[in-house]
Every structure is written in structure tokens, then in C-alpha cells.
Amino acid sequence: SLDVRNDLVPGPGIVQSPQKEVLLPVIAKLQIMFSLVSHRSHLDDRVKAFNERAVPKGNEYHAVPHLAYDPIVTLYNPYDVSLSLPALRVRVSDPPVGFQFQKRETAARTTSWFRQEFANGEFHGLGRFQIAFEHDANARRYFILYMRDKTNGAPGGPITLLPGEVKVFMPWVKDTWNWGVETAGGINSHHAFFDWNAGSNMGTEDLRTNNKKGLEAVPGVSFRAGLQTDHLSYANGRPADSKYSWETSGPFGAGWLSMKLQSEIIGRSGPLPGDEIIVKAKPVRTLKDAGPPDFRVDILAGANDNPDSDLMRTYEFRMSDPAVEMSVTGSAAAIITRKFLNSDILQAKDDMSPGGKSPFAIFTMSAKTTKDSQDDSKAWAFNNFVTHGASQNSGTIGNALQSYDLRLEEVSDFTQFPGVEIDEGPPSNPHNRGYFGAKANSQDGVSIVPMYRVPITPAASLGDWVGSNLVMSSLFPRVNYPLGNSFAHPLLPSGAISAGSPADAGARVLDHSYLMNASMWDRYYFSSATDYTAAAGFQNARTKVGVLQDFFGGGPKMLNSRLTPYLGGTESAVQLANTLDSAGPQVFADTFGAHAMVAGAFNINSDSVDAWRSVLSSLRDVEVDGYAKQIFPMGGRTSFVRNGLPVVGSPDNGSPGNAVDAGGQVRWAGFRSLDDDRITALATNIVQEIRARAKKDGAPLLSVADFVNRRPGSENEIHALRGILQTAIDNSKINDDYQRDDSKVISGASLPPNRLIGVKNKKALDGFTADGAAPMLSQGDLMTALAPIVTARGDTFTIRTYGEARNRAGNAVEARAWCEATVQRVPDYVDSADLASASPGVKGANLALANRNFGRRFVITSFRWLNPSEV
């Protein structure tokens with residue numbers, strides 16, 4: 001487990017060029033459940049008025065409806081290591097939902113509705129439901145959840161998230177809480193949830209624990225309480241025809257709605273039911289001022305009480321039309337309308353349950369998944385949400401390329417989808433997990449989804465970084481897994497690797513995959529020569545100089561076991577190790593590279609199916625180390641592991657492990673493994689693509705980067721949309737079974753125009769929506785395995801030659817001979833006057849003449865005469 005408290009550092013909120021990765025949980029889902037609940041009046045003057053003047057008389061026959069809103073945050077650890085931190089804060093500003101309220105008396109149910117409580121048919125946001133701000137078109141509303149784990153039933157423990165774990169947090173409700181406890185003490189009794197006129201402190205401080213950092217929140221859900229307001233009408237300017245005849249003086253006629261629980265009209269079976277309340281909800285921008293975003297969520301460090309100086313990450317949202325973009329139907333006319341009998345939504349003051357509290361709508365901010373019926377995105381390829389904040393403006397870039405979905409949906413139940421689904425776990429050890437993966441629900445989602453690799457040990461090759469989150473910028477494009485993969489990005493024309501950004505003036509959209517592959521694969525390597533410490537997971541700690549001495553002296557190998565030492569006769573192993581140990585980074589890189597070679601390097605231009613089959617299955621039968629010291633056997637299969645220590649085994653061979661349940665969970669938390677038939681199918685398709693590229697170019701691939709990258713060009717040209725390996729994977733159909741389970745098929749050309757704003761390459765969106773997701777074998781997964789050995793040229797050659805002796809006349813062969821030599825190019829130059837580490841420079845201008853002409857030395861490693869039958 002990594003203690004990441006040192007990463008809880010306040011910053012600018014939205015970072016365009018992060019200098020390092022900050023390991024923090026992210027928000028997989030933020031929800032606000034909206035409900036109606038009624039309470040009998042608890043204030044003495046109001047109780048007296050009901051008892052003396054109301055019709056019917058008696059406080060027990062009347063109740064005040066409240067709008068309740070329960071915030072729920074689902075935190076997600078996207079990394080393959082556990083994260084531990086003391087606390088985390090989330091601030092929610094200006095939820096983009098507006099409300100109208102109406103009431104109807106028993107006697108009016110056969111005639112007409114009472115007048116809307118708000119003038120001109122306005123939908124008001126939460127900021128308007130306080131006396132001081134009821135007429136303020138720019139009234140703001142925000143609240144803060146201060147999230148910690150529970151200790152002895154109360155907030156206070158540190159948060160620990162297992163690799164890939166999805167955990168649900170909600171405001172803490174004491175076991176002894178009821179409405180009577182909440183309102184004990186009269187008008188100034190708002191301990192945590194009742195917002196009568198609490199101003200900016202409502203939901204930003206917790207009077208139960210005197211915590212000024214926010215409302216205490218803990219894992220799990222409880223809908224008994226909820227932030228709530230009774231100010232559903234105007235105190236000043238309330239429509240006259242919304243009042244009862246006896247609501248003309250005293251405590252009546254204010255902004256709270258007095259409504260009957262029981263009618264004064266007597267029917268055959270007794271008094272008729274009381275009044276109905278009608279609520280309407282729709283997505284709206286709640287502020288008239290165009291300056292602030294429509295909606296904003298901040299992650300705060302918890303270092304101090306002031307939210308603005310505690311800011312770490314900001315996610316802000318601007319929408320061209322919230323009603324269209326957030327409604328399930330995509331219609332601006334879509335309005336959620338529900339009506340409730342006041343008596344049905346009553347919660348008695350001593351009720352220890354939600355009572356009649358009734359949900360009617362839920363607002364959800366959700367990180368994109370792969371199978372959401374309301375979304376059409378390639379979430380794991382183009383919609384990375386693990387960034388240093390983000391500005392999401394659907395007017396400049398459509399939602400198909402954004403990181404989060406915003407949605408307002410009707411609900412009838414607190415905990416059934418689209419409500420708040422939760423896997424509580426056993427009572428003895430509750431884990432209170434939410435769902436992510438294919439969908440954010442219990443039917444298709446899972447609770448453990450490791451997304452990114454955190455290299456704990458030194459990297460053995462570039463492949464160790466393929467599964468990491470290498471692009472955390474808030475700028476577009478928010479590409480996922482750029483190194484080793486090569487998908488054409490929809491924001492770029494297929495023939496370009498950069499273009500002007502539609503979202504950020506003066507910025508450019510870059511093809512991160514293309515540029516990263518071009519920069520890295522043929523220019524950089526990892527020696528893995530460093531200190532091997534117990535903290536990094538090594539059982540036997542070794543110093544850097546010890547690692548080097550072992551390597552050059554024939555002892556234990558490097559982490560890349562294919563590296564083999566080459567002394568070149570210049571120094572002893574100890575001398576070379578000491579020289580490298582004291583060298584600076586550049587000298588070390590040059591010198592180590594001159595004294596290390598790759599045993600069994602593989603040329604990516606090979607068009608032999610057998611050769612590819614052999615190299616792809618080189619890890620056949622090798623068991624895989626898992627999280628929590630698990631061992632996953634691989635009998636007859638070859639594993640391709642994206643994460644460092646998988647939580648479970650491979651779904652391909654029915655090895656779920658013992659950490660989580662089988663089924664979809666194994667697909668999302670495990671790793672892919674292929675049997676021999678699928679290896680053969682993959683090798684065959686790789687060779688087909690290599691031959692097709694060679695035929696197109698009339699030349700072999702000149703670099704590893706050229707092999708990895710797509711080929712920019714017309715979208716219909718070969719490999720313009722994806723690289724050679726990814727094309728071979730798709731053509732071999734080895735992902736199709738899992739794509740059917742966890743994906744949809746989309747066509748970029750058929751998506752709604754508002755979702756395609758800014759898109760330059762619609763065909764890049766074609767195909768399965770789960771491309772690149774955890775259950776799918778990707779090009780990057782193959783490059784993780786191939787990285788230590790692949791090369792675009794050969795350094796070892798087999799040369800055969802033939803000689804013959806003829807008679808004096810030259811018309812008859814009297815003797816023939818055949819021989820074979822294996823020669824190897826070594827790092828040393830032909831003329832030893834230049835060190836092997838010397839750079840050739842521009843046309844070798846700094847080298848000796850022989851080295852400029854002939855370059856590196858070739859040595860004969862074997863020689864033999866051949867029999868005629870061997871030729």
C-alpha cells in the first residue's frame with residue numbers, strides 16, 4: 001500500500017503541463033439524489049398556530065414538505081497498487097438542476113392545479129431555496145464532503161483503497177439520528193442537514209464534530225437524513241392563490257409550504273387524504289451570470305479549512321444546452337414530473353428510517369464507461385478522466401470526446417439503478433463498493449478495475465511504462481495508454497499528427513501516441529541498473545554497484561534477462577562497474593549501451609509465421625505473480641499482463657483467483673492469456689500486415705517506431721487508423737467474445753451532430769466502444785512483452801559462400817567447396833582509437849577515418865564447411 005499523503009498538495013486546480021503524476025483517487029461517479037419528505041412543524045409558534053387556527057385544527061394534521069438532496073461520491077483508485085490517505089474533500093458547486101413546486105388541495109383535485117409557486121414558470125436551482133437568496137438569479141449553492149473511513153462507528157480513520165477499488169461515500173448519519181434529534185433546540189438547531197437559512201455554512205461545516213472542513217462523510221449509504229430545505233416558495237411575493245384562507249398572518253404565509261396531511265372533507269370512510277405536492281425537475285443553468293461554469297467539482301487536500309487555498313483538482317462543465325445534453329431523451333422539453341400525497345412522504349420525528357422520504361430524480365456525473373446505453377464513446381482510448389483537472393465545454397468539443405457524462409434521470413427507489421447501487425460486503429467486514437467498468441451499475445459493472453500500472457520496481461524495458469498513465473494533462477486530447485498503442489484520434493485528421501485545438505485558443509491537439517512512439521522506441525532504453533531495495537519489493541537488497549558487478553561478472557542478470565554483458569576486452573568487470581557507478585546520467589547511458597547487448601533480439605520485419613508464433617509464446621506456461629502473493633498458473637497458455645500484480649487470474653483459462661468473484665470481475669481485474677491456436681491466429685495476421693506494409697512501401701520497416709505507429713494518411717489507407725499489431729489483433733478476432741460482453745458497436749458518422757463537435761476523423765470512432773479497455777488484448781499489451789527484444793535491424797548474420805576450381809581450359813569444375821560463417825556486429829569500432837560509446841555525430845566527422853568508412857566491427861562467432869547435401 002502506498003501512503004500518498006505527500007501528494008495531497010494544493011495547486012492550481014487545472015494543470016495543462018503536469019511535471020509528475022500525482023497518485024490520488026479520482027471521482028468515478030458523483031450523484032445527488034433528490035427526494036421529497038414532509039415533517040410536522042417543530043417550532044412553538046407554528047405549532048400553536050396550527051393547533052388554534054388551521055383547518056383542520058391540530059399540528060398533527062399538517063406537515064411541511066422539504067426538498068432533500070443527498071450527495072454521494074464514488075471514489076476510484078485507478079492504479080494497480082493500494083492507496084492510503086488520511087482524508088479527502090470534494091466540493092460541489094451549482095448543481096445544474098432546477099425545480100418547480102405546486103400544491104393541490106383535496107377539493108381542487110377535480111378542477112385545476114394551484115398556481116406555480118415561482119413566478120413566470122422559472123426553474124430555480126438550490127441556491128434560490130433560502131430566504132436571503134430567493135430572488136437572486138445568481139444565487140450560488142455549494143457543499144463539501146469531508147471523506148474519511150469509520151473508526152468505532154464515527155468518522156476518523158484513513159481512507160484505504162485496494163488496487164482498482166471503487167468505494168461509495170455519503171454524509172455520515174449517526175445510528176441514533178432522527179428528525180427530532182436534528183431539530184432539537186428550535187430555530188437554531190441545524191446540526192448537519194436542515195437548511196432553513198444556514199447561508200454558505202450549510203453543508204460546508206459539520207456542527208456535530210465542529211469540523212469546518214466539510215460535512216462528515218464515510219463509506220456506505222444511508223438515506224434517512226439528507227441535506228434539505230423547506231423554503232419551497234417565496235417569503236416575499238408568494239402567489240396569493242397558493243395560500244389557504246387561514247394563511248394570512250402570524251407564522252403562515254412564509255416561504256415554507258404548509259400542507260394538509262388529512263382533509264377537512266369527510267368521505268364515506270372518513271376524512272379524505274390530504275394535499276398533494278407536485279415537483280418538476282429539469283437540467284438548467286442555475287446562474288444568470290455567464291462567468292462561472294454551469295457546474296463545478298473540486299477535489300480538496302484537507303490541509304486547511306479554506307476551500308480555495310486547499311484546491312488540488314478542478315472539473316468544470318459548460319453546456320450549450322443542459323436540457324438536451326443531460327436528459328435521457330435528449331429533448332429540451334423533457335421534464336421530470338412527480339406528485340406525492342403529503343401524507344405519503346411524512347417522516348415522523350422519532351422515525352429511525354427514511355419513513356416516507358421519496359426519491360424522484362438523480363443527478364449523476366459519471367466517468368465514461370464502455371457499455372452505457374446513453375453514451376457513445378471509446379472510454380478507454382479517447383476519454384481519459386484521470387487527469388490534473390479538466391474543463392469540459394460541449395460547445396467546443398462534443399461529449400463523445402469528453403471525460404464525464406452529466407445526466408438527470410427519474411428514479412423511484414434509492415438503491416435500484418439509476419439509483420445508488422452498492423455492494424456493502426459482509427457485515428463483519430463491509431467494503432461498501434460501487435461499480436465501474438462496462439457500466440456503473442451492478443448488472444454490468446464490477447467493483448475492482450485496475451487501470452494503470454505504477455512501476456514499483458525499476459523498469460526492465462519501455463514495456464513497463466505501456467500500462468501507465470503517461471498523459472495527465474487537462475488539455476485535449478485526453479488519450480489513454482499512448483505508449484505502445486497507436487489509435488488515430490478523432491480530434492485529428494487521419495493524415496495529421498497535430499492540429500489546432502478547438503477547445504483551447506492557441507493550443508494544439510497532438511497525436512500523443514504517434515509522437516511518443518516516434519520519440520521513445522528507437523532512442524531510449526532501460527538498463528535497470530540501480531539500487532534494488534526492499535522498499536521496491538526485492539527480497540534481497542543490492543546496491544547499484546553490486547548489481548553492475550554481478551551483471552558484468554557473470555552473476556545474477558538484470559531485470560531484463562535478455563541483456564548480456566559485453567566487456568570488449570577494455571576493462572575488468574569490477575572496473576567497468578565502478579566506472580559506471582560513478583558516471584553521470586548521459587555518460588552512464590552511453591557507456592552501458594556500449595557494454596550490453598540483447599541475447600536473441602527479434603527483427604520486427606520477420607515475415608515468418610513460425611518465428612512470430614515462437615516469440616509471442618516465449619512466456620508460455622510461465623506462472624504470473626498476483627496481488628497479495630497469489631500465483632496464477634499458466635498451463636498451456638501465454639500471459640499478456642498489463643498491470644504489475646494482477647488482482648485475479650485470466651478469464652481465458654477460468655482462473656479467477658481468490659480475491660474477488662468470478663465472471664465480469666475477472667475480465668476487468670485480471671489479464672489476458674492465449675492458447676496455442678490463438679497465438680497462431682495472431683501470428684498469421686501479424687505476418688499478413690507486415691507483408692502488406694512492405695508491399696505498400698517497397699521497403700522493410702526502418703525503425704521500431706514505424707512498426708508500432710499507425711501510418712498517417714487518408715483514413716482508408718493501410719494502417720492509417722491503427723498500428724500493425726492492433727490491426728492484426730482486430731482481424732484475428734481474439735477480442736470479439738469479450739467485446740460482445742463489455743462493448744457496443746458505434747459508427748462515428750451516425751452519432752448526433754452535437755456529440756461530434758470538434759471531431760475531424762469520424763472513422764476513428766467506428767467499431768467497438770471497449771477498444772483498449774482492460775478485458776481487451778491491445779497492441780500495447782503485446783509491446784509490453786516484446787519491448788525487451790525487438791529491433792528493426794539484425795546484428796547477427798549468417799554468410800554462406802561457394803568456391804570452385806576449374807581445369808586449365810576452364811570448361812570443367814574439378815573441385816567445389818561451401819562454407820558458412822556467423823558474424824556479429826559488436827559495439828566496438830573498427831579502429832579502437834574511438835571508444836564504442838563515442839557518437840557517430842554528423843556523418844562521423846569526429847571519428848577516425850576507418851570508423852567513418854566502416855563503422856562498427858564485425859567478428860566471426862562461428863565457421864564451418866558445408867557438405868553438398870546441406871546446400
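Look a little higher up for the structure.
Calculation notes
Residues numbered from 1 in each chain as written. Predicted model: local features only at pLDDT ≥ 70, side-chain atom pairs only at ≥ 80, totals over all residues. Heavy atoms only, no water. Helix = DSSP H or I, 4+ residues; strand = E, 2+ residues; numbered from the N terminus. Contact = heavy atoms within 4.5 Å. Areas by Shrake-Rupley, 256 points an atom, 1.4 Å probe, with all protein chains shown as cover. Lys, Arg positive; Asp, Glu negative; His and termini not counted. Charge placed at Lys NZ, Arg CZ, Asp CG, Glu CD. Buried < 20%, exposed > 50% of the residue type's maximum accessible area, 1.4 Å probe, protein only. Arc of directions from axis to C-beta. Pairing = 2+ DSSP bridges. Axes fitted to C-alpha atoms, helices over the stretch in contact; angles between N-to-C directions. Parallel < 35°, antiparallel > 145°, perpendicular 65-115°, else oblique. Left-handed = near helix turned anticlockwise from the far one by under 90°. Patch = residues over 30% accessible without salt bridge, like charges linked within 9 Å, V, L, I, M, F, W, Y side chains within 5 Å. Salt bridge = Lys/Arg side-chain N within 4 Å of Asp/Glu carboxyl O. Core = buried A, V, L, I, M, F, W, Y, C linked by side-chain atoms within 4.5 Å. Phe/Tyr/Trp six-rings, centres within 6.5 Å; stacked < 30°, edge-to-face > 60°. Polar contact = N/O pair within 3.5 Å; in protein donor to acceptor, adjacent residues only side chain to side chain.

**Structural notes on the overall build of the protein chain**
Working step 1: The number of helices and strands found in the protein chain is 16 helices and 40 strands.
Working step 2: Within the protein chain, contacts between residues at least 6 apart in sequence are counted, and of these 72% link residues at least 24 apart.
Working step 3: Carbon and sulfur atoms make up 50% of the accessible area of the protein chain, which amounts to about 35200 Å² in all.
Working step 4: Computing the positive centroid from 87 side-chain charges and the negative centroid from 92, the protein chain places the two 3 Å apart.

**Some words on helix 1 (residues 44–52)**
Working step 1: Within the span of helix 1, buried status applies to R46, A49 and F50. On an axial view of helix 1, the arc spanned by its buried residues comes to 100 degrees, and they lie on one face. Seen from the open side of helix 1, the exposed residues pointing more than 90 degrees away from its buried face are D44 and K48.
Working step 2: Where helix 1 is buried, its residues meet strand 3 (62–76).

**Looking at the sheet that holds strand 17 (residues 276–283)**
Sheet strands associate in pairs through backbone hydrogen bonding, adopting either a parallel or an antiparallel arrangement.
Working step 1: With respect to topology, three strands assemble into an open sheet ordered 6-17-20, the strand pairing being antiparallel. Two strands in the sheet have a free side with no partner beyond their single neighbour: strand 6 (97–104) and strand 20 (336–341). Sheet twist, expressed as the average angle between the axes of neighbouring strands with direction ignored, equals 20 degrees.

**Some words on the packing of helix 9 (residues 609–616) against helix 11 (residues 676–697)**
Working step 1: It is the contact of helix 9 with helix 11, at a shortest axis distance of 8 Å, that shows an interaxial angle of 125 degrees. Relative to helix 11, the element helix 9 lies oblique. For the crossing formed where helix 9 meets helix 11, the hand is right-handed. Every residue of helix 11 that contacts helix 9 at V609, W612, R613 and L616 is listed here: I679, T680, L682, A683, T684, I686, V687 and I690.

**A look at a nonpolar patch on the surface**
Working step 1: A cluster of nonpolar side chains, F797, I799 and F858, forms an exposed patch at the surface whose accessible area comes to about 270 Å².
Working step 2: Residue position: I799 is located in strand 38 (residues 796–806).
Working step 3: Judged by relative accessible area, which is 44%, I799 ranks as partly exposed.

**A word on the nonpolar core**
Working step 1: Grouped together as the largest cluster of nonpolar side chains are 100 residues, with contacts concentrated most on L30, F34, F99, M147, F360 and F363.
Working step 2: When residues of this core are assigned to their parent elements, the largest contribution, seven residues, is made by strand 2 (residues 26–39).
Working step 3: Core analysis: the second largest hydrophobic core is formed by 34 residues, F640, F707, A728 and I729 among them.

**A closer look at helix 15 (residues 779–786)**
Working step 1: Of all eight residues in helix 15, seven are buried, a share of seventy percent or more.
Working step 2: When helix 15 is considered as a whole, its buried residues turn out to be Q779, G780, D781, L782, M783, T784 and L786.
Working step 3: Contact partners of the buried residues in helix 15: helix 9, strand 33 (638–640), helix 11, helix 12 (704–708), helix 13 (724–732) and strand 37 (790–791).

**With respect to unusual backbone geometry**
Working step 1: Here the bond from V55 into P56 is cis, since omega is -5 degrees, no more than 30 degrees from zero.
Working step 2: Note on placement: P56 falls in the loop between helix 1 and strand 3.
Working step 3: With an omega of 0 degrees, the peptide bond running from F476 to P477 counts as cis.
Working step 4: Within the element layout of this structure, P477 appears in the loop between strand 25 (445–446) and strand 26 (498–500).
Working step 5: With phi around 55 degrees, N210 is a residue other than glycine that occupies positive phi space.

**Quick word on the packing of aromatic side chains**
Working step 1: All chains considered together, the criterion is met by 37 aromatic pairs.
Working step 2: Between Y315 and Y404 the ring centres are 5.9 Å apart and the planes differ by 70 degrees, which places this aromatic pair in the edge-to-face class. With a gap of 89 residues between them, Y315 in strand 19 (residues 311–318) and Y404 in strand 23 (residues 404–410) connect regions that are remote in the sequence.
Working step 3: The buried category is assigned to Y404, whose relative accessible area is 2%.
Working step 4: Where F863 meets W865, the ring centres are 5.4 Å apart and the plane angle is 85 degrees; that geometry is what we call edge-to-face.

**Considerations on the sheet that holds strand 1 (residues 2–3)**
Working step 1: Spatial ordering of the open sheet is given by 1-4-10, a layout of three strands whose pairing is mixed. Each end of this open sheet is capped by a strand with a single partner; those strands are strand 1 and strand 10 (159–161).
Working step 2: In this structure, strand 1 lies alongside strand 4 (residues 83–85), joined through two bridges in parallel fashion. The residue of strand 4 that forms the bridge with L2 is L83.

**Focus: the pattern of salt bridges**
Working step 1: In this structure the tally under the stated criterion is 52 salt bridges.
Working step 2: The shortest N-O distance in the salt bridge between D405 and R407 comes to 3.7 Å. The pair formed by D405 and R407 is uniform in burial state, with each residue classed as buried.
Working step 3: Ionic pairing is found between D607 and R691, a salt bridge with its closest N-O pair at 3.5 Å. One end of the pair, D607, is in the loop between strand 30 (602–603) and helix 9; the other, R691, is in helix 11, and 84 residues separate them in sequence.
Working step 4: A single salt-bridge network, built from bridges that share partners, covers K368, D372, D375, D405, R407 and R755.

**Comments concerning the side chain of S82**
Working step 1: Take S82: it is sitting in the loop between strand 3 and strand 4.
Working step 2: At a separation of 2.7 Å, a polar atom in the side chain of S82 contacts the side chain of Y627.
Working step 3: What S82 contacts, discounting residues up to four positions off in sequence, is S1, L2, N77, L161, L162, P163 and Y627.

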